[in-house]
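# Survey of secondary and tertiary structure
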Amino acid sequence: IWFGCSSLGFLFDKGLDKAVDIVQNSCVKRVVGETSGREIFQVKARLSTSRRQSKTWQPRQHKPSSDSATKVDEYLVLPFHYCSCHAFQFEVINRGEAFMCKHILAARLARALGKMVTIVVNDDLLAQVLLSY
């Protein structure tokens, strides 16, 4: 088991700690279409306002935390090849510096460990959720 943990740490560097923190704080929600069985993940993560952000990109802010320097953002993760976060676009797609962002890693860990909230919804509602991102 230790070998697996150290291998993951080597592959994902700081992203693994952040993904584990997301899972431990119950911030992964699995949304499943009632008829189709299609699934998406909604992953909440803290975002420091001191982080450099693109002027054109603004994440969806759902619920600010009590700390004024930190926001909580929710990202769409499609299993398991897309995330709506800036890091996915910049580090994974544009620069090719990472395999995946911390949100995709958190969704994968949560699914493997069964540490997520699962919500079954009408397929029309699932389509609306996808369109909202």
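Overview of the structure. (Residues numbered from 1 in each chain as written. Predicted model: local features only at pLDDT ≥ 70, side-chain atom pairs only at ≥ 80, totals over all residues. Heavy atoms only, no water.)

We now examine the overall build of the chain. Across its full length, the chain holds five helices and six strands. In the chain, the succession of α and β elements from N to C terminus is α-α-β-β-β-β-β-α-α-β-α. Relative to its 133 residues, the chain shows a buried fraction of 34%. A sequence separation of at least 24 residues applies to 60% of the contacts in the chain between residues at least 6 apart. As displayed, the chain has an accessible area near 8,600 Å², and 54% of this comes from carbon and sulfur atoms. (Helix = DSSP H or I, 4+ residues; strand = E, 2+ residues; numbered from the N terminus. Buried < 20%, exposed > 50% of the residue type's maximum accessible area, 1.4 Å probe, protein only. Contact = heavy atoms within 4.5 Å. Areas by Shrake-Rupley, 256 points an atom, 1.4 Å probe, with all protein chains shown as cover.)

A cluster of nonpolar residues, Leu78, Tyr82 and Leu130, forms a patch on the protein surface that exposes about 220 Å² of accessible area. Along the polypeptide, leucine 130 turns up in helix H5 (residues 123-132). (Patch = residues over 30% accessible without salt bridge, like charges linked within 9 Å, V, L, I, M, F, W, Y side chains within 5 Å. Salt bridge = Lys/Arg side-chain N within 4 Å of Asp/Glu carboxyl O.)

This part takes up the pattern of salt bridges. Going through the model one piece at a time under the given rule, you end up with three salt bridges. The salt bridge partner of glutamate 39 is arginine 30, with a shortest N-O separation of 2.4 Å. Each member of the pair, glutamate 39 together with arginine 30, is buried. Of the charged contacts, one joins glutamate 97 and arginine 95 as a salt bridge, the two residues approaching to 2.9 Å between their closest N and O atoms. Look at arginine 95 and you get partly exposed, because its relative accessible area is 46%.

This part takes up the pairing of strand E1 (residues 28-33). Burial within E1 is extensive, with five of its six residues counted as buried. Here E1 runs beside strand E6 (residues 117-121); their pairing, made up of five bridges, is parallel. What sits directly across from lysine 29, in E6, is valine 117. (Pairing = 2+ DSSP bridges.)

Turning next to the environment of arginine 111. Along the polypeptide, arginine 111 turns up in helix H4 (residues 102-113). The sequence separation of arginine 111 and phenylalanine 41 amounts to 70 residues, and the corresponding C-alpha distance is 9.8 Å.

Before going further, it helps to examine the packing of aromatic side chains. What the rule picks out here adds up to one aromatic pair. The interplanar angle of 75 degrees and the centroid separation of 5.8 Å between the aromatic rings of tyrosine 82 and phenylalanine 88 together place this pair among those described as edge-to-face. For tyrosine 82, a relative accessible area of 32% puts it in the partly exposed group. (Phe/Tyr/Trp six-rings, centres within 6.5 Å; stacked < 30°, edge-to-face > 60°.)

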